[in-house]
Every structure is written in structure tokens, then in C-alpha cells.
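Coordinates in review
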Amino acid sequence: MKIKLLLGALLVCASVANAQQLELEKTFKISRASKRGFLAGLDYDPAAKTYSLTYFTDQKKNTFKYEQYVFDNDFNLVSENEFTEEAEKMKKKFKWFKFKGEEYTVVGNTVENNMMGTLVLRKKKITYKYQFLMGGYNRKVEILDKVKPKTEDGNRFTGMNHAEDEMTGDLFILASVKAKIGTKGNEDVGAIKLLKFDTDLNLVKSADFDFPYLQTLVTVHTLSRENPEDPESPGIAGMAFIFAPSNAMGKKFSDPDNNNFTYIRVDDQCNIVERFSFTSPASYWRVDDMLVNNNDFYFYGPAMAGRDKYFNEGAGSRIGGGEVKYKAVQLMKVSGGKLAYLTETNLDEFKAKQKFPPSQRKTPDYTGREFGIRSYNFTSSGDLVILGQNYDKSKDGIITKFEDVLGFHFDSKGVLKAQYGIDTKEKGITVDYNYLSGIGYTTVTKITTVYACPQAIIEGSDKNLYWVLQEIKGQANGKLLTYPRIGKVNQNNATLSDLTTFGKGEGFYLDPKYPFLETDKSETVVFFGADKAGKELWFARVKLK
């Protein structure tokens, strides 16, 4: 996933400053009506160089009342107007307006295995009801008829994974053939098939993956097809799988090479378009994500280096429960249907390539613990920078605290260039929030460190990377209160500068939905937010170098 920030064209400068500087900062108080409502949309007009902020203040059936504030490129108010318009007119006016009526229903499908491990498909009816202050819909799901698919020999399936095409309603189900009672007709037990069903749950296509030995699924990811009518509901253009040998049925059915993994990619008709086997350095590789960049596919995740067991035996567990500690990470690139590289980076190499801001005393690093990834960022040179945070988990597997911020910087060949470590400034505060339960309002107390810090990377024309970290100050009205800190990563020598903090004194925080605004000002980033109460807007333009 490539983080895209709406920045202006970046120009080359003769000299590079060590720290980012505040170029312009302004505030503006909105009306009481806008404060009682909510910011529904924000648009930038590159021709007029204006920002339009639209606040919904009221709604009656298909009619909306809203106030709109227009600011110029330097955040001066140009106009302030109030409108009352029908939903159909607003759909043509605003790309972000997705109103489909007070209530509507969609018939879809659901996939599950029953208590006997048998694949069961069910039709479902989803009823959506619009909630004005949410700016969206609540939904209620009703389960309808069910179907149990079978092979031609009468065997049923066990579902392994599935995906639903939100454009067509088609289902793609990866399943293994399940044994049936008796000694005959079980020759293909354990065989892996990809099944495609239409919206009426008719089987329209299937593909047999034909493995010589028993396999287990390592990971599966869908390739999206853009939906011009509704970008948030994409279709499926294909799927990518990685499989590993399994010894679940004994030595006779097990590949003697437990590192013999298989990559498969299919199109939207279940046709296999790419397939090859490869040797994974570790027999247990937990692939967390598949990334797509310039038609190449990248697979990333932690691995149990040096552990001579089959993938299906798992990663083991830590004494006393809690999280598993890994010994390495693996990064694989597939280009043109072939393996371009597969690298393994162990903990010793992470330790040897630690980099920190010069004035920072704490030296956080990756120690193989579970790691909360916030973003993947490809640079123009083909490097990959992975941003995230360490966290603590309870014995029940619940995240209790996010801690140090880390960045893994891999070069275009998958080799680790540096591990960056940042000590967060905010250590968390206790906050209370109320929610409506069946017995009335319930108050829940949390520490703000249970939330991960949003992060992003901006690449400058000088090829340096600007790391934007949103520190979490607190929580108000159900929203996290964050402010930005920016540090510079020099790609040539893989060093990290000290971070500079921005914010107009105490009490101005980034907007959760629109923290960055588009600008035509070169080598800058524009931050947008408001005070804690949401009464006063805040704009800040920062020069990156």
C-alpha cells in the first residue's frame, strides 16, 4: 500500500535545512451550527487555489442543510454560506457524498465452516439505516438460506479463506476436500480448490491447484478492480496465494522439504496466470501483507528462522502465554511472474543497523516481538520503508499498550539499509468515554497508549524522506487528539534527524479524516485541524527544507 499525500510539485533547493520550519499558521472560528454538526467533506480547487469545508448541520429525509466555508491558498476566508439542497443535487456536486436514502437493503452471501468443519454458504440480507451525526449508516444483518457445496464424488469442502466481489457479489472460496464416511471416494481428500459462486450461490467456476503433497495456506490477498461508481466497494481482479508443506496427515503425504513453498496468482475467472515454487529461508513465515507497486508484488512478514518444523505446526508460544517472539523478517518480490528476490533479515542485522535522532537518549529497536504496522511506503528509487510501533499484549492476546515507533528501510534489492527508532513524547493519559448499551450509558476508562500513532512518509525532490509522526495527546468527542512531529531521513547515508513539533500552542490537533491538505506551494506540507472542542479551525503550512 503506497501512502499518497496531496502535496504540490516539489522543487529542488540549493541548500537543505536540518529542520522543518513553520511558514504560515492561521485559525478561524466556525459557527455554532457547524460546531453542533460535523465536517462532512473537504475539497481543494487547484485552479482557484481554494479550500472548501462543508459542515452538515441538519437533515430531513433526502434534504440536507449545510454551511460551507471557502479559504484561499493562504487560509484567508473567501466566503461563508448556508445551503439547503436535495441529496440528488449534492451527489453531482460532491464526490465524497455517498447518501443512498434513509434506508436501503442489500442481499449478499456469507461463508463459514459449521461445527463439523463443513463449508456452508448462506444468503444474507443487510439493512442499512442512515445516522446523521455519524455521517454514515448502521447496518443489521439477517441470515437467510444455506447451501453446502459438494464435489462430483459427493465430498464436501472445508473452507480455508474467501473473498467477496463487492461489484458483482461473486464469491471466491479457497477450500480443501473433506473426507466422507466410508473407504471409497476419498482419493482427493485434502486437495485444494478455488471455487467461484455467483450471487445466487451457483458454482460457476473451479480450479484445482494440484499439489503432489499436502499443503497449508500461508497467505491470500485479493487484487482490486476499481469501481467507478463506488470507490469504497472495489471488485476483484484476481487473487495471490502462498502455500507451504503440511504434515497434518502424516509422513506419507508430507513434502520431505518443509521449506518448499508455492506462489500462485489467478485472474477473476480462477485461471492460474502465475505459479512457481521457491525455498523459504524459514519453514514458518507469517506473511502479514502483500503490496503492489508498478505491477510488482511484495510479500512481507516475520519468520521463525532456524526452526525445523512444518508451517502447520505453528510458530510456538511464549512461556506464560502472550505473544510469540520471531527471529527474523522476510521480504519477497515477484516481478513478471518470477521470483525477483527473497531476503531474510535476522535480529542481529536489525541491531547492527540501528539509527536514532541525534539528541534522543532512548534506543528503541525491533526484538522479534509482534509489531503494529502503520504504513508501507515505496520511494522513487524502489526502496521500501515500513513504519509501525512495538506494542504489549495481555495473555489473552489483547493489545494493552503501544510503545516505541520503528521504521524498517529496505533497499531496492530487499536488503535492510537501516532500522530507525523513535521514542514517542506522549506516554498516555487516562480518558473516559460513554457509549449506549442495552442498560443505558456505560462509561469506559482507557489509556490513550492503547491506540497506535498514525504515520506517513513524504519524499522530497532532494530524495530525502520526511517522516510525519502524529503523537497522541488525548481523546475528545470520540476522536483522537494528535499533533505532528516531522523528522528527515537521508536516503544516501540512512540517517534520521531530530524531530520538529508543530502546533499552535496547547490545544490544536490534527483532523482525524483530513490531517493533510493539498497545496501548490513547493516543498511544503499543510496540516489541518481544530481545537479540542472543534470550535476553532487550525491551518499550518510547513516548509520541509
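The residue numbers shown here count from 1 along each chain, following its written sequence. For a predicted model such as this one, the threshold for reporting local features is a pLDDT of at least 70, and the threshold for listing and counting side-chain atom pairs is 80 or more; totals across whole chains, interfaces and linings nevertheless cover every residue. Excluded from the side-chain calculation are hydrogens and water; included are all heavy atoms of the structure.

1. What about the overall build of the chain?
When helices and strands are tallied, the chain shows three helices and 36 strands. Only protein chains enter the accessibility calculation, which uses a 1.4 Å probe. A residue is then buried if its area is under 20% of the maximum for its type, exposed if over 50%, and partly exposed in between. Considering the chain as a whole, with its 545 residues, one finds that 50% of them fall into the buried category. When contacts within the chain are restricted to residue pairs at least 6 apart in sequence, long-range pairs at least 24 apart make up 53% of them. Computed by Shrake-Rupley with a 1.4 Å probe, the accessible areas treat only the displayed protein chains as cover when residues are assessed. Surface summary for the chain: the accessible area is close to 26,700 Å², and the carbon and sulfur share equals 48%. Numbered from the N terminus, helices here are DSSP runs of H or I no shorter than four residues, and strands are runs of E no shorter than two. Between two residues, a contact is recorded if the distance between any of their heavy atoms is within 4.5 Å.

2. Regarding a positive patch on the surface
Excluding any residue in a salt bridge, patches collect residues exceeding 30% relative accessible area, merging like charges within 9 Å and nonpolar Val, Leu, Ile, Met, Phe, Trp and Tyr side chains within 5 Å. A carboxyl oxygen of Asp or Glu within 4 Å of a side-chain nitrogen of Lys or Arg is what we treat as a salt bridge. In this count, Lys and Arg are taken as positive residues and Asp and Glu as negative ones, while His and the chain termini are left out. Every charge is mapped onto a representative atom, which is NZ of Lys, CZ of Arg, CG of Asp or CD of Glu. Residues K29, R32, K35, R36, K479 and K535 make up a contiguous surface patch of positive charge. In terms of residue count, the dominant contributor to the positive patch is helix 1 (residues 32–36) (three residues). Here K35 is to be found in helix 1. On the basis of relative accessibility, which here comes to 31%, the residue K35 falls in the partly exposed class.

3. Quick look at the nonpolar core
The criterion is simple. A nonpolar core is a set of buried Ala, Val, Leu, Ile, Met, Phe, Trp, Tyr and Cys residues joined through side-chain atoms within 4.5 Å. Formed by 41 residues in total, the largest nonpolar core has its most connected members in I242, Y263, W285, F299 and F408. Considering every element that reaches this core, the biggest residue donor is strand 18 (residues 296–303), with five residues. Beyond its immediate sequence surroundings of up to four residues, F408 is in contact with Y300, F350, Y366, F371, L384, V385, I386, L416, A418 and Q419.

4. A few points about the sheet that holds strand 16 (residues 272–279)
The pairing of strands in a sheet happens through backbone hydrogen bonds and is either parallel or antiparallel. Pairing between strands requires that DSSP locate at least two bridges from one strand to the other. Taking strand neighbours across the sheet as the criterion, the four strands line up as 13-14-15-16 in an open arrangement whose pairing is antiparallel. Across the chains shown, the open sheet's two edge strands, defined by having one partner strand only, are strand 13 (215–225) and strand 16. Between one strand axis and the next, the sheet turns by 15° as a mean value, whatever way the strands run. Sheet topology places strand 14 (residues 235–245) next to strand 15 (residues 260–267); six bridges connect them, and they run antiparallel. By the bridge assignment, G238 is partnered in strand 15 with D267. Interaxial angles span 0 to 180 degrees and are taken between N-to-C directions of axes, which are lines fitted to C-alpha atoms, for helices over the stretch in contact.

5. Here we look at the packing of aromatic side chains
For any pair of aromatic rings, geometry is given as the distance between the ring centres together with the angle between the planes. Whether two aromatic rings pair depends on their centres lying within 6.5 Å, for rings of Phe, Tyr and Trp, where Trp uses its six-membered ring; planes under 30 degrees apart make the pair stacked, over 60 edge-to-face, and the rest tilted. Applying the stated criterion across every chain yields a total of 48 aromatic pairs. For the ring pair F261 and F278, a centre distance of 5.8 Å and an interplane angle of 50° mean the geometry is tilted. Taken together, the residues span a long stretch of sequence, with F261 in strand 15 and F278 in strand 16 at a distance of 17 residues. Judged by relative accessible area, which is 0%, F261 ranks as buried. For K93, the ring lying beneath its charged end belongs to F83, and the centroid distance is 4.6 Å. Seen from the ring of F211, R275 lies directly overhead, with NZ or CZ sitting 4.8 Å from the centre. For a ring to carry a charge above it, either NZ of a lysine or CZ of an arginine must fall within 6 Å of the ring centroid while also lying within 35 degrees of the normal to the ring plane.

6. Overview of the confidence of the model for the chain
As a general rule, the predicted coordinates of low-pLDDT regions are not to be interpreted in detail. When the pLDDT values of the chain are averaged, the result is 86; 89% of them are 70 or greater. Predicted confidence for residues 1–17 stays below pLDDT 50, and this span has 45 contacts to residues more than four positions away or in other chains. By definition, pLDDT measures how confident the predictor is in each residue, and it falls between 0 and 100.

7. Some thoughts on the pattern of salt bridges
Evaluated as defined, the whole model comprises 24 salt bridges. Its salt-bridge partner being E142, residue K125 comes within 3.7 Å of it at the nearest N-O pair. Within this pair, whereas K125 is found in strand 7 (residues 119–131), its partner E142 is found in strand 8 (residues 136–147), the two being separated by 17 residues in sequence. Since its relative accessible area comes to 30%, K125 is described here as partly exposed. For E471, the salt bridge goes to R485, with nearest N and O atoms at 2.7 Å. Here R485 lies in strand 30 (residues 479–490) and E471 lies in strand 29 (residues 465–476), a separation of 14 residues in the sequence. With a relative accessible area of 1%, E471 lands in the buried category. One salt-bridge network, held together by shared partners, links E23, D74 and R541.

8. Some remarks on the sheet that holds strand 21 (residues 354–355)
Read across the open sheet, the five strands follow the order 21-25-24-23-22; overall the sheet is mixed. The open sheet has two edge strands with one neighbour each: strand 21 and strand 22 (371–378).

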